[in-house]
Amino acid sequence: MALPKINTPIFELTLSSSGQPVQYRPFLVKEQKILLLALESGEPKSIMTAVKQIIRNCVVGDNVDVDKLPTFDLEYFFMRLRGKSIGEVVDLQLRHPTGFNSKDEECDNATQFKFNIMQVEVQKTIEHSDKIIIDENTGLGIKLKYTTADFAEMDLENLSQLDIASKMLVASIDYIYDKEEVYKKEDSSEKELSAFIDDLSQEQFTSVMKFFETMPKLKHTINWKCSKCGCDDEVTLEGMSNFFAL
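Residues numbered from 1 in each chain as written. Predicted model: local features only at pLDDT ≥ 70, side-chain atom pairs only at ≥ 80, totals over all residues. Heavy atoms only, no water.

Asks: Got a sec to walk through the pattern of salt bridges? Specific residues and values, please.
Replies: Summed over all chains, the structure comprises 10 salt bridges. Residue Arg 25 pairs with Glu 31 through a salt bridge whose shortest N-O separation is 3.0 Å. For Glu 121, the salt bridge goes to Arg 80, with nearest N and O atoms at 2.9 Å. With Glu 121 in strand E6 (residues 121-123) and Arg 80 in helix H3 (residues 71-85), the pair connects residues that are 41 residues apart, well separated along the chain. On the accessibility criterion, Arg 80 (7% relative accessible area) is buried. Three or more residues are tied together by salt bridges with common partners; here these are Lys 52, Arg 56 and Asp 67. (Salt bridge = Lys/Arg side-chain N within 4 Å of Asp/Glu carboxyl O. Helix = DSSP H or I, 4+ residues; strand = E, 2+ residues; numbered from the N terminus. Buried < 20%, exposed > 50% of the residue type's maximum accessible area, 1.4 Å probe, protein only.)

Asks: Summarise the pairing of strand E1 (residues 11-14); cite the residues concerned and give the values.
Replies: Across 4 bridges, the pairing between E1 and strand E2 (residues 21-24) is antiparallel. Bridge assignment links Phe 11 to a residue of E2, and that residue is Tyr 24. (Pairing = 2+ DSSP bridges.)

Asks: Explain the packing of aromatic side chains to me, using residue names and the numbers behind them.
Replies: A complete count under the given rule lists 7 aromatic pairs for this structure. Both rings, one in Tyr 24 and one in Phe 77, keep their centres 5.6 Å apart while their planes meet at 70 degrees; by these two values the pair is edge-to-face. Within this pair, whereas Tyr 24 is found in strand E2, its partner Phe 77 is found in helix H3, the two being separated by 53 residues in sequence. For the pair formed by Tyr 24 and Phe 77, the shared burial category is buried. (Phe/Tyr/Trp six-rings, centres within 6.5 Å; stacked < 30°, edge-to-face > 60°.)

Asks: Let's hear about helix H1 (residues 29-41): which residues, and what values?
Replies: Compared with an ideal rise of 1.5 Å per residue, which puts 13 residues at 18 Å, H1 spans 19 Å between its outermost C-alpha atoms and is within 8% of the ideal. Glu 31, Leu 35 and Ala 38 are the residues of H1 that are buried. All buried residues of H1 fall inside an arc of 65 degrees around its axis, so they share one side. Opposite its buried face, H1 presents the exposed residues Val 29, Lys 30, Lys 33, Leu 37 and Glu 40, each directed more than 90 degrees away. Phi turns positive, to about 70 degrees, at Gly 42, one or two residues after H1. (Expected span 1.5 Å × (residues − 1). Arc of directions from axis to C-beta.)

Asks: Got a sec to walk through the environment of Thr 98? Specific residues and values, please.
Replies: You can see Thr 98 is positioned in the loop between strand E4 (89-94) and strand E5 (111-116). On a C-alpha basis, the gap between Thr 98 and Asp 108 in space is 8.6 Å, while along the polypeptide they are 10 residues apart. A polar side-chain atom of Thr 98 sits 3.3 Å from the main-chain amide nitrogen of Phe 100. (Polar contact = N/O pair within 3.5 Å; in protein donor to acceptor, adjacent residues only side chain to side chain.)

Asks: Account for the sheet that holds E6, with residues named and values stated.
Replies: Sheet strands pair by backbone hydrogen bonding; their relative direction is either parallel or antiparallel. An order of E6-E11-E12 is seen for the 3 strands of this open sheet, with the pairing classed as antiparallel. Of all the strands in the sheet, just E6 and strand E12 (232-238) have a single pairing partner and so form its edges. Mean inter-strand twist for the sheet, computed between neighbouring axes without regard to direction, equals 45 degrees. Note: E6 against strand E11 (residues 217-225), 3 bridges, orientation antiparallel. (Axes fitted to C-alpha atoms, helices over the stretch in contact; angles between N-to-C directions.)

Asks: So what's going on with the pairing of strand E8 (residues 140-144)? Which residues, and what values?
Replies: Across the 5 residues that make up E8, a large majority, 4, are buried. Where strand E7 (residues 131-135) lies against E8, 4 bridges are found, and the strand directions are antiparallel. What sits directly across from Ile 132, in E8, is Ile 142. Counting the residues that bridge the hairpin from E7 to E8 gives 4 residues, and of these Gly 139 lies at a positive phi of roughly 75 degrees. Examined bridge by bridge, E8 and strand E9 (residues 173-177) share 4 bridges and lie antiparallel to one another. When the bridges of E9 are listed, Leu 144 appears paired with Ile 173.

What follows is the structure, encoded as structure tokens:
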């Protein structure tokens, strides 16, 4: 005799990058096991792989390619999943970051704070643009796209910060263009694209990297009052590493 099926609720969210509505179910014990194994490893690559697998399992329908979602969409999706699966409200212990309050008085008190993680949204900036002109005279520019979890899963441990930034930039190129032509990424090798990036001046490289500095981020600032000294303070949570602590 077959065991009865357990019904699970269906929820909906909207992807920040595309405005696309997506339906999903909470993650179950089998997904919880995937997450716990990844967290025990402590490896960012394993954690991101687990997040992708859990989201893939929980999406209702086939209208989402998890592998192509920008990292901030994955983080937002997982935060919603976590809220609907484990609980929307988490208990935090908040302290003054330096051990001193706004009056320069020593205060290492831990304040209990209840935080609803469903308040967390993807933050966007007005100055963000995916097209960057790097030579006004020739109209030379780069059209960029958001990196996906594939980049977060790459082995970057032994690379310098500059090398990581260069690799991230190459991975994010959609196409290169000037006044005369559009140069599709797929028509160039990774070596050629890397050489193109290496030939940028420091000023040009900085202007292109502004794309990553201003791109949408899963970010939330919590304003709180110390239960001991009464001083107001704030803490900003940003990105997967911060939100996994919740």
